[in-house]
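Chain and residue survey
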Amino acid sequence: MDFRQLELNPRIISAAKKANLKSARDILGLSGPDLQRLTRLSMSDVQRLQAAVAVAFRKSPPVTALQLYRGECPDLEPRHRLTLGCPTLDCLMRGGIPLSGITELAGESGAGKTQIGLQLCLSVQYPQVHGGLGSGAVYICTEDAFPIKRLHQLITQQPRLRPDLPTDLLHGLCFSDNIYIEHAADLGVLQTCLSQRVPILLARGLARLVVLDSVAALFRCEFTAEESSKRARHLVALASTLQHLSHSFNAPVLCINQVTDVVEHCDASQFRCGLVESAVLPALGMAWANQLLVRLMMRRLGGVPSLGAGIGAARRLEVVYAPHLPRASCLCHIGEEGVKGVLSPDSAHIVSSHMDLYGKTEV
Amino acid sequence: MQRPLSSFAFAPAVKVKLINAGFHTAADLCDLRPLQLSKESGISQQEAVEVLQTVRHDASQGAGAGSRMTALELLGREQAMGAIVTFCSALDSVLGGGMPVGKTSEVCGAPGVGKTQLCIQLAVDVQIPVCFGGLGGQAVYVDTEGSFMVQRVVDVAKAAVEHCSLLADDAEQREALKVFTVEDILSKLYLFRCHDYVELLAETYLLPDFLSQHPEVRLVVIDSIAFPFRHDFEDLSQRTRLLNGLAQQLAQMANQYNVAVVLTNQMTTKVGNGQSKLVPALGESWGHAATQRLILHWEGEQRALASGTCSLLTMLRLTHLRFRQGTLLSASAPKQTTTRLEDIWLKNNIQLF
């Protein structure tokens, strides 16, 4: 930091230099009494120093919500989202996945989480006018091998999933070229991947979506029950790396999570976060839940009523919490072409949970 | 004139030298010239000039600096400051009339319970015109998590405008409605985005200037204060010192600029005796930072709000909250309005402090 740019009494500047405070972060990261002790200045001088450094450090001036609404600050509010590939699911999410912040998708095995991840890897490649981001995706596998056959099937069936898109666009895109697959079997490898390879891909514009499938797998086997605080620290560190990547490049991050069974006696309603009827809860506890922007849950429903061309049981995709979404859910089916939301035959509206919150959303 | 020198904001070394030289109160210094002072006490001439200037400036302020007020005057002043009403009587009664202006309040809760929703609601409610019972002020929103979504603010603003249009009876209220549109509400909500704790601290040092340039601001929301402080800290005592300094600055800002400061905190699990409880994050000393602590928690399928202050541990009042997309948040009072602290917390496995 260039001290000469600050509008300060030279005496204060020399005291700061003598105390070996070189950057704005050094000065701002210390409390008032600490600075006073290091620089031997009076309290009012310390306050002047902090104020002057803060002015120089501030990166962007405040904006009003009206400016965000009008789209004058695309970094803070891009005004579009990443489509899920199906208009019904997009309606549930009011546009799609937010571009910055971590979106979590939790569910039992076989619920269809990987399907959504793959579908997003394809939809990100379309241009912005069709709901994509015009870039590729990084898919990080931590448990199973990447489902390459299923990806190829989805690619060939894209015209069926997105009949609204022009055919020359569909044929012009080489989908598999733009999906970068990483395998990370333990935390160390994942940290290396996220600190070295993924930022390069994001910086070069080759990718604008990161899918981590799954985050729970890494943490459930490496830490024993007694090491819960160590696990929490690693979880928070991982989350902050992902958030930093997401905010710097305006790239959505999708983390796929497993679920745990609910054990009645020790679980208060707090840990359930309002999911009272559910027999399972997303894994990794409160430490991880505090880091998320959006939490979605995917459930397999028993019974077979086929509401359309679908393979296997119906699924329900539910919004557990999000700052801009009501507690709503939507039935969906997984077919050859991917995951498609289904409007239930009796009402044309997305079903919202009877428990509380918002009224019905208009389709 | 009798003010002791140790209460002035001089550098510690200067204070020590002055006291060692025998100067104890401001009266001892008033007749001296800088050169004399510097020779007698051993401080540099520059420092002597500054010391004398400060002492004389303070003397000329007269009784302003250490003014006294009776408790009745203080009560009158507090009541005149007002509160941010949320148009939802059960919630306002739990809050004691609304979110108090001039004080800091903390809202704690598990993820998804509605802290950000409450903050956005307050940021719109503070702008409700005076003739409808609001404060007609502006709002500052400091977002550290990235959870501020303009889409949601637009929903809440539309609901507020609709609610007020239904209530408007007289000409004054109809006039006020002309400048209370969704766009007006959005234009009076200032967003500061901070990505880590250093940026947050920098914004806090700059907020007093912003508030003096925008004297109509009546609400400052920091959502959330826990998020940037919960990682990256090897030295937890440094974190405690920073948080203490922050709490003091925010309290001073609330008082001096007449704003309500609302902070959002997360919950963390505390394991003890084989049981895990949910406690507010940032440690026990942070518990005393805010004047009022509100805990949003789940009671089965419903959300409930409990409010408590440091001194009123056993007197809590509860209300159930519901958030609606199209209308302001509504609440219903439960069957019992005052409950014993232990009953609620034991049942819900939460620890307040």
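Residues numbered from 1 in each chain as written. Chains lettered and ligands numbered in written order. Predicted model: local features only at pLDDT ≥ 70, side-chain atom pairs only at ≥ 80, totals over all residues. Heavy atoms only, no water.

**As for the overall build of chain A**
Broken down by element type, chain A carries 15 helices and 12 strands. The buried share of chain A, taken over its 363 residues, is 56%. (Helix = DSSP H or I, 4+ residues; strand = E, 2+ residues; numbered from the N terminus. Buried < 20%, exposed > 50% of the residue type's maximum accessible area, 1.4 Å probe, protein only.)

**Let's talk about the packing of helix H7 (residues 115-125) of chain B against helix H8 (residues 150-167) of chain B**
Residues and elements named next belong to chain B. Direction vectors running N to C along H7 and H8 enclose 50 degrees, while the axes themselves pass 10 Å from each other. Accordingly, the angle class assigned to the pair H7 and H8 is oblique. When you trace H7 past H8, the crossing you get is right-handed. Taking contact as the criterion, the partners of Gln117, Ile120, Gln121 and Val124 in H7 are, on H8, Arg152, Val153, Val156, Ala157 and Ala160. Each residue belonging to the contact of H7 with H8 can be placed in one class, and the counts come to six nonpolar, two polar and one charged. (Axes fitted to C-alpha atoms, helices over the stretch in contact; angles between N-to-C directions. Parallel < 35°, antiparallel > 145°, perpendicular 65-115°, else oblique. Left-handed = near helix turned anticlockwise from the far one by under 90°. Contact = heavy atoms within 4.5 Å. Nonpolar A, V, L, I, M, F, W, Y, C, P; charged D, E, K, R; others polar.)

**Quick notes on the pairing of strand S4 (residues 138-143) of chain B**
Residue and element names in this part refer to chain B. S4 sits mainly inside the fold: six of its six residues count as buried. Covered by surrounding structure in S4 are Gln138, Val140 and Val142 together with Ala139, Tyr141 and Asp143, the residues of both alternating faces. The sheet contact formed by S4 and strand S6 (residues 217-223) spans six bridges and is parallel. Within the sheet, the bridge partner assigned to Tyr141 lies in S6 and is Val221. Pairing analysis gives five bridges linking S4 to strand S5 (residues 189-193), with the strands arranged parallel. Its bridge partner being in S5, Val142 is matched across the sheet by Phe192. (Pairing = 2+ DSSP bridges.)

**As for the side chain of A:Gln243**
Checked against the element boundaries, A:Gln243 lands in helix H13 (residues 228-249). For A:Gln243, a relative accessible area of 8% translates into the label buried.

**Here's the deal with the side chain of A:His324**
Its location among the elements puts A:His324 in the loop between strand S10 (315-321) and strand S11 (329-335). Beyond its immediate stretch of four places on either side in the chain, A:His324 contacts A:Arg81, A:Met93, A:Arg94, A:Pro98, A:Val294, B:Met149, B:Gln151 and B:Arg152.

**Here's the deal with the pattern of salt bridges**
Following the criterion strictly, the structure yields 20 salt bridges over all chains and no others. For A:Arg197, the salt bridge is made with A:Glu182, and the minimal N-O distance between the two is 2.8 Å. Taken together, the residues A:Arg197 in helix H11 (residues 187-203) and A:Glu182 in strand S4 (residues 179-183) connect sequence positions 15 residues apart. With a relative accessible area of 37%, A:Arg197 lands in the partly exposed category. Here the salt bridges share partners, and the residues they tie into one network are A:Arg11, A:Asp45, A:Arg48 and B:Glu50. (Salt bridge = Lys/Arg side-chain N within 4 Å of Asp/Glu carboxyl O.)

**Examining the interface of chain B and chain A**
On the side of chain A, 64 residues touch chain B, which itself brings 60 residues to the contact. Taking both partners together, chain B and chain A bury about 5,600 Å²; carbon and sulfur atoms supply 59% of that area. When residues of chain B are sorted by the area they lose upon contact with chain A, B:Pro111, B:Tyr205 and B:Glu301 head the list and together hold 12% of the total. Between A:Arg58 and B:Glu203 there is a salt bridge whose closest N-O contact spans 2.9 Å. The tally of links from chain B across to chain A stands at 16 residue pairs in polar contact (both at pLDDT 80 or more). Mapped by element, the contributors of at least two residues to the side of chain B that touches chain A are H8, helix H10 (182-187), S5, helix H11 (197-213), helix H12 (236-257), strand S8 (267-272), strand S9 (275-280) and strand S10 (292-299) of chain B. Take the side of chain B that touches chain A: its biggest share by element is nine residues, from H11(B). Judged from the two bridges that link them, strand S1 (residues 63-64) of chain A and S5(B) form a sheet pairing that is antiparallel. Paired with A:Val63 across the bridge in S5(B) is B:Leu191. (Buried area = accessible area lost by both parts, 1.4 Å probe. Polar contact = N/O pair within 3.5 Å; in protein donor to acceptor, adjacent residues only side chain to side chain.)

**What to know about the confidence of the model for chain B**
All names here are of chain B. Of the residues in chain B, 85% reach a pLDDT of 70 or more, and the chain-wide mean stands at 81. Taken as a whole, residues 310-317 scores under 50 in pLDDT and shows 25 contacts with residues more than four places along the chain or in a different chain. The low-confidence segment residues 333-339 (pLDDT under 50) makes 14 contacts with residues lying over four places distant or belonging to another chain. Scoring the predicted complex yields pTM 0.85 and, for the interface, ipTM 0.88. (pLDDT = per-residue confidence, 0-100.)

**Topic: the sheet that holds strand S5 (residues 207-213) of chain A**
Residues and elements named next belong to chain A. Pairing in this open sheet of nine strands is mixed, and the strands run S4-S3-S5-S6-S2-S9-S10-S11-S12 from one edge to the other. The sheet terminates laterally at S4 and strand S12 (338-342), the two strands that pair on one side only. With direction set aside, neighbouring strand axes in the sheet form an average angle of 25 degrees. Sheet topology note: the strand S3 (residues 136-141)/S5 ladder contains five bridges and is parallel. Across the sheet, the residue bridging to Val138 is Val210, located in S5. Contacting S5 and strand S6 (253-257), helix H12 (residues 215-222) runs over the sheet at an angle of about 50 degrees to S6.

**Remarks on the nonpolar core**
Grouped together as the largest cluster of nonpolar side chains are 55 residues, with contacts concentrated most on A:Leu28, B:Val140, B:Val220, B:Ile222, B:Ile225, B:Phe229 and B:Leu250. Looking at which element gives the most residues to this core, the answer is H11(B), with 10 residues. Sequence-distant contacts of A:Leu28, that is, excluding residues within four places in its chain, are made with A:Gln50, A:Val53, A:Ala54, A:Phe57, B:Val198, B:Leu201, B:Ala202, B:Tyr205 and B:Leu242. (Core = buried A, V, L, I, M, F, W, Y, C linked by side-chain atoms within 4.5 Å.)

**A few points about the packing of helix H4 (residues 43-57) of chain A against H11(B)**
Contact pair H4(A) / H11(B): the axes reach a minimum separation of 9 Å and the direction vectors enclose 120 degrees. Classified by the angle their axes make, H4(A) and H11(B) are oblique. Considering how the two elements wind past one another, H4(A) and H11(B) form a crossing that is left-handed. Facing A:Gln50, A:Ala51, A:Ala54, A:Val55 and A:Phe57 of H4(A), the residues of H11(B) in contact are B:Val198, B:Glu199, B:Ala202, B:Tyr205 and B:Leu206.

**Brief notes about unusual backbone geometry**
The step from A:Asp213 to A:Ser214 runs through a cis peptide bond, and the omega angle for that step is -5 degrees. Along the polypeptide, A:Ser214 turns up in the loop between S5 and H12. Residue B:Ser224 is bonded to the preceding B:Asp223 through a cis peptide linkage, with omega at -10 degrees. The phi dihedral of A:Asn20 falls on the positive side, at around 65 degrees, and the residue is not glycine. Residue position: A:Asn20 is located in the loop between helix H1 (10-18) and helix H2 (24-28). Here A:Asn20 falls in the exposed class, since its relative accessible area comes to 52%. In this structure, A:Arg94 is a non-glycine residue whose phi angle is positive, near 55 degrees. Structurally, A:Arg94 can be placed in the loop between helix H6 (87-92) and strand S2 (102-107).

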